[in-house]
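Below, each chain spelled out in residue letters.
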Amino acid sequence: MGFQWDDKYSTGNDEIDKQHKQIFAYLDELEDHIEKGASQEWVERFMSGVGLYTRSHFCFEEMCMRRSKCAAAAQNKVQHTKLLAAFSAADKRLKQEGISDALLQQLRTFLTSWLVNHIMKIDVKLKDCN
Ligand SMILES: [Fe+2]
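Because the structure is a prediction, the values reported are computed rather than measured.

### Notes on the packing of helix α3 (residues 73–97) against helix α4 (residues 101–121)
Step number 1: Running from N to C, α3 and α4 cross one another at 170 degrees; their axes reach a closest spacing of 10 Å. Classed by the angle they form, the pair α3 and α4 counts as roughly antiparallel. Note on element contacts: α4 touches α3 through A102, L103, Q106, L107, F110, W114, L115 and H118, opposite N76, Q79, H80, K82, L83, A86, F87, A90, R93 and L94.
Step number 2: Of the residues that constitute the contact of α3 with α4, the class distribution is 11 nonpolar, five polar and two charged.

Right, dumping it as structure tokens:
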């Protein structure tokens, strides 16, 4: 059972919503591979893909918030930095310790509750600025 896109995730910016949907698709992909059993190689490839995508998405979103003088812009940037730090820590753990159930759960928690909570609490504030 994957994540269902819902209007409560909408930022009012079609491009950002499209990018968020891609992040949701990454979550689905991870869930699938956790069920089937993910290999070290797959997780490494997955993380580097998610890492690149997330970085460019954050840049784009920060630019949109700056442009529209969104009140949440500074808070959004701070949270992005924290999210990337948590992501880098998981990535480092993967490289040092290798794949483990604990690491996969950490990754899942990062991508699900944190990223999705972030979208719902901060990113949706863009709606008031468009
Ligand atoms: Fe954001």
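Now that the structure is up, let's keep going.
### Brief notes about the environment of C70
Step number 1: Counting through the fold element by element, C70 comes out in the loop between α2 (40–67) and α3.
Step number 2: Owing to a relative accessible area of 7%, C70 belongs among the buried residues under this scheme.
Step number 3: Put simply, C70 and L103 are 33 residues apart on the chain and 35 Å apart in space, counted from C-alpha to C-alpha.
Step number 4: Setting aside anything within four residues of it in sequence, one finds C70 in contact with M65, K125, L126 and C129.

### Quick word on the coordination of the iron ion
Step number 1: Within the protein, E61 (OE), N76 (OD1), H80 (NE2), H118 (NE2) and D123 (OD) serve as the donor atoms for the iron ion, at 2.0 to 2.4 Å.
Step number 2: Mapped onto the sequence, the donors of the iron ion take the spacing E-x14-N-x3-H-x37-H-x4-D. Residue N76 is found in helix α3, and its partner H118 is found in helix α4; the two are separated by 42 residues along the sequence. Of the two residues examined, N76 and H118, each falls in the buried class.

Criteria and thresholds
- Residues numbered from 1 in each chain as written.
- Predicted model: local features only at pLDDT ≥ 70, side-chain atom pairs only at ≥ 80, totals over all residues.
- Heavy atoms only, no water.
- Axes fitted to C-alpha atoms, helices over the stretch in contact; angles between N-to-C directions.
- Helix = DSSP H or I, 4+ residues; strand = E, 2+ residues; numbered from the N terminus.
- Parallel < 35°, antiparallel > 145°, perpendicular 65-115°, else oblique.
- Contact = heavy atoms within 4.5 Å.
- Nonpolar A, V, L, I, M, F, W, Y, C, P; charged D, E, K, R; others polar.
- Buried < 20%, exposed > 50% of the residue type's maximum accessible area, 1.4 Å probe, protein only.
- Donors = N, O, S within 2.8 Å, 3.2 Å for Na, K, Ca; no water.

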